[in-house]
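# Breakdown of the fold
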Amino acid sequence: AVCDSLLESLIGVLQPYMQQTQEDWNVRMLQNKIIQEFSDPFFSVKQAFCDIPVNKDHLRRKFKAVLGMPPVEYLTSLRIQQAKHLLSQEGMDISEVAYQCGFCDPLYFSRVFRKKTGVAPSAWKKQSNRGIHTLHWNYLCFISSLSVRIFIRLLNVQSLLHLTELARLSLS
């Protein structure tokens, strides 16, 4: 009885991942590429599209439908989240933060940062050094859930379900 309930729970957790289409897989591939490369100042979403052999406009629309924003905005969002984190740490000036977050030009970084957050990087740095801003809990949850999704994708879900079915039959 315990094994059956454990197997049912496992199948319930894995079921949504089995129903993902090739389109969803392509979106995840693009998302993972952006996450891996966002700190590279020479990386562009256009470059990431080249690695995925599907229609770029369709993939862009699907990405927005799944993640709620276009790929370029997602890239900028990751860079700004990392910048917030780095600015809250001691010992890094704004130029260093800009370069580490994938911006070639600190002035451009400042404009983008101000547009996305409503404050200049220097103001954010001053406020965070006083403890007003911290790394957002949502960002940590996002990274954690992404890690779980990648791990589950690495498993061969079909083989896992086959093994659970064999285990269920052997317990019967």
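See above for the structure.
On to helix α5 (residues 71-87), then. Over its 17 residues, α5 runs 24 Å from end to end, which matches the ideal 24 Å to within 8%, given 1.5 Å per residue. Most of α5 is tucked away: 13 of the 17 residues are buried.

This part is about the pattern of salt bridges. Under the criterion given, the structure shown has 3 salt bridges. With a closest N to O distance of 4.0 Å, glutamate 37 and lysine 33 form a salt bridge. A residue pair is termed a helical-turn pair when its members lie 3 or 4 positions apart in one helix, as glutamate 37 and lysine 33 do in helix α2 (residues 22-37) at 4 residues. For the salt bridge of arginine 60 with aspartate 57, the shortest nitrogen-to-oxygen distance reads 2.7 Å. Note that arginine 60 and aspartate 57 are positioned in helix α4 (residues 56-67) at a spacing of 3 residues, about one turn of the helix. For arginine 60, a relative accessible area of 35% gives the class partly exposed. The structure contains a network of salt bridges with shared partners spanning Lys33, Glu37 and Asp51.

Cut-off values and rules
- Residues numbered from 1 in each chain as written.
- Predicted model: local features only at pLDDT ≥ 70, side-chain atom pairs only at ≥ 80, totals over all residues.
- Heavy atoms only, no water.
- Helix = DSSP H or I, 4+ residues; strand = E, 2+ residues; numbered from the N terminus.
- Expected span 1.5 Å × (residues − 1).
- Buried < 20%, exposed > 50% of the residue type's maximum accessible area, 1.4 Å probe, protein only.
- Salt bridge = Lys/Arg side-chain N within 4 Å of Asp/Glu carboxyl O.

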